[in-house]
Amino acid sequence: MNKNEALTGTIVAAHGRHYLAEVDGEFLQCVTRGKKTNVAVGDIVHLKRTSNDQAVIEKIAERTTLLYRSDQYKSKLLAANITRLFIVVATEPSFADDLVSRALVACEAAGVEAHLILNKVDVEELLARARERAALYANLGYPLHEVSAKADPEGTVATLMPLLLGESSIFIGQSGMGKSSMINLLVPDADIAVREISEALDTGKHTTTFTRLYRLPGDSGGNIIDSPGFQEFGLYHLTEGMLERAFVEFKPFLGGCKYYNCRHLAEPQCAILGAVAEGKIAPIRHALYAQLLHESEQTLY
């Protein structure tokens, strides 16, 4: 072992200020210099080995994308260098439109392609309502894929695997939507990997509280990042200009308002408000835009 050997690796797990990097199939426990914690799962990092299984992160390579959420006080990195985000919703339990829409806005702002997965389509009595709710997003141009991870595992893999090969994807969703079942189907040794990562990170039993990256089977180069289930998706970091452009249905109407600095809230002759009145923009989406605008003004960091 060359103690000061310079290495390049991929961050495959993060838990607090502890990171795990994969370097040529080997896991190294990593820390950052000082108190900086701006490292995300999916980051390519330059490391300096400090012992057999430990290293210091010297530098983060330039990212192609960075997805994160934020509240009034701080931001939380979700993943770096991802190409696709999959939002998992289900017929049961009921999913939150707010979370779905916020994730879609985050994707637009970050330049990440977004897809929806409707799980548990075998629950027939609830399917029509779930489809109706998911159609709001499908009609905006976001691909919607229907699966039943438990009732039809083979069909689920057949539907999803072609979308993942060669891509760097992240799965997000509220608890109970079946996200873990899907990942276990797509990455058959996911449970073993979680145990290994948990031991390497020395997190004890906290196997569900960290974000981790799995390599897809075979040599496609694809990987899946699984994030812990969360109920909130704050976007306090997005500015007014970023927000209006992150709602895809606003785009045809931007620039059509009477006032160049229109905020699309209550101004006269606003093209966006006109589109809402004409049914071209869903009121629920405009209401979220107004809420996000309000949140962006509360930022304290």
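As a starting point, this report considers the structure included with it. Each chain has its residues counted from 1, following the order in which its sequence is written. Where local features are concerned, this predicted model is filtered to residues with pLDDT of at least 70; where side-chain atom pairs are given and counted, the filter is 80 or more; whole-chain, interface and lining totals use all residues. Computation of side-chain values covers all heavy atoms of the structure but excludes hydrogens and water.

Some details on the side chain of E249
- Working definition: helices are DSSP H or I runs of at least four residues, strands are E runs of at least two. Numbering for both runs from the N terminus. Summarising the element assignment, E249 is placed in the loop between α6 (240-246) and α7 (271-277).
- E249 sits in the buried class, given a relative accessible area of 9%.
- Within the structure, E249 has its side chain in polar contact with the side chain of R285 (distance 2.7 Å).
- Should any heavy atoms of two residues lie within 4.5 Å, those residues are counted as being in contact. Aside from chain neighbours lying at most four places away, what touches E249 is L140, I281 and R285. For the exposure calls, accessible area comes from a 1.4 Å probe over protein chains only, and a residue counts as buried if that area is under 20% of its type's maximum, exposed if over 50%, partly exposed in between. N or O atoms closer than or at 3.5 Å make up a polar contact, with two conditions inside protein: a donor-capable atom paired with an acceptor-capable one, and, for residues adjacent in sequence, both atoms drawn from side chains.

Considerations on the packing of aromatic side chains
- Here a Phe, Tyr or Trp ring, Trp counted by its six-membered ring, pairs with any other such ring whose centre lies within 6.5 Å, and the pair is stacked when the planes are under 30 degrees apart, edge-to-face when over 60, and tilted otherwise. For the coordinates displayed, the defined rule picks out four aromatic pairs.
- Arranged with centres 5.8 Å apart and planes meeting at 90 degrees, the rings of F247 and Y289 form a pair that is edge-to-face. Linking F247 in the loop between α6 and α7 with Y289 in helix α8 (residues 283-296), this pair joins segments that are 42 residues apart in sequence.
- Classification of F247 by relative accessible area gives buried; the value is 0%.

Points about the pairing of strand β8 (residues 84-90)
- Taken across its seven residues, β8 has seven buried, putting it largely inside the fold.
- Residues R84, F86, V88 and A90 point to one face of β8 and L85, I87 and V89 to the other, with burial holding for every one of them.
- Paired strands, in this sense, are two strands between which DSSP finds at least two bridges. As judged from the seven bridges shared by β8 and strand β9 (residues 113-119), these two strands associate in the parallel manner. Its bridge partner lying in β9, F86 is registered against H115.
- Think of it like this: strands point away, you trace from the first strand over the helix to the second, and a clockwise trace means the crossover is right-handed. Traced from β8 through helix α1 (residues 97-110) to β9, the parallel crossover comes out right-handed.
- Pairing of β8 with strand β11 (residues 168-172) involves four bridges; the strand directions are parallel. Across the sheet, residue F86 finds its bridge partner in β11, namely F171.

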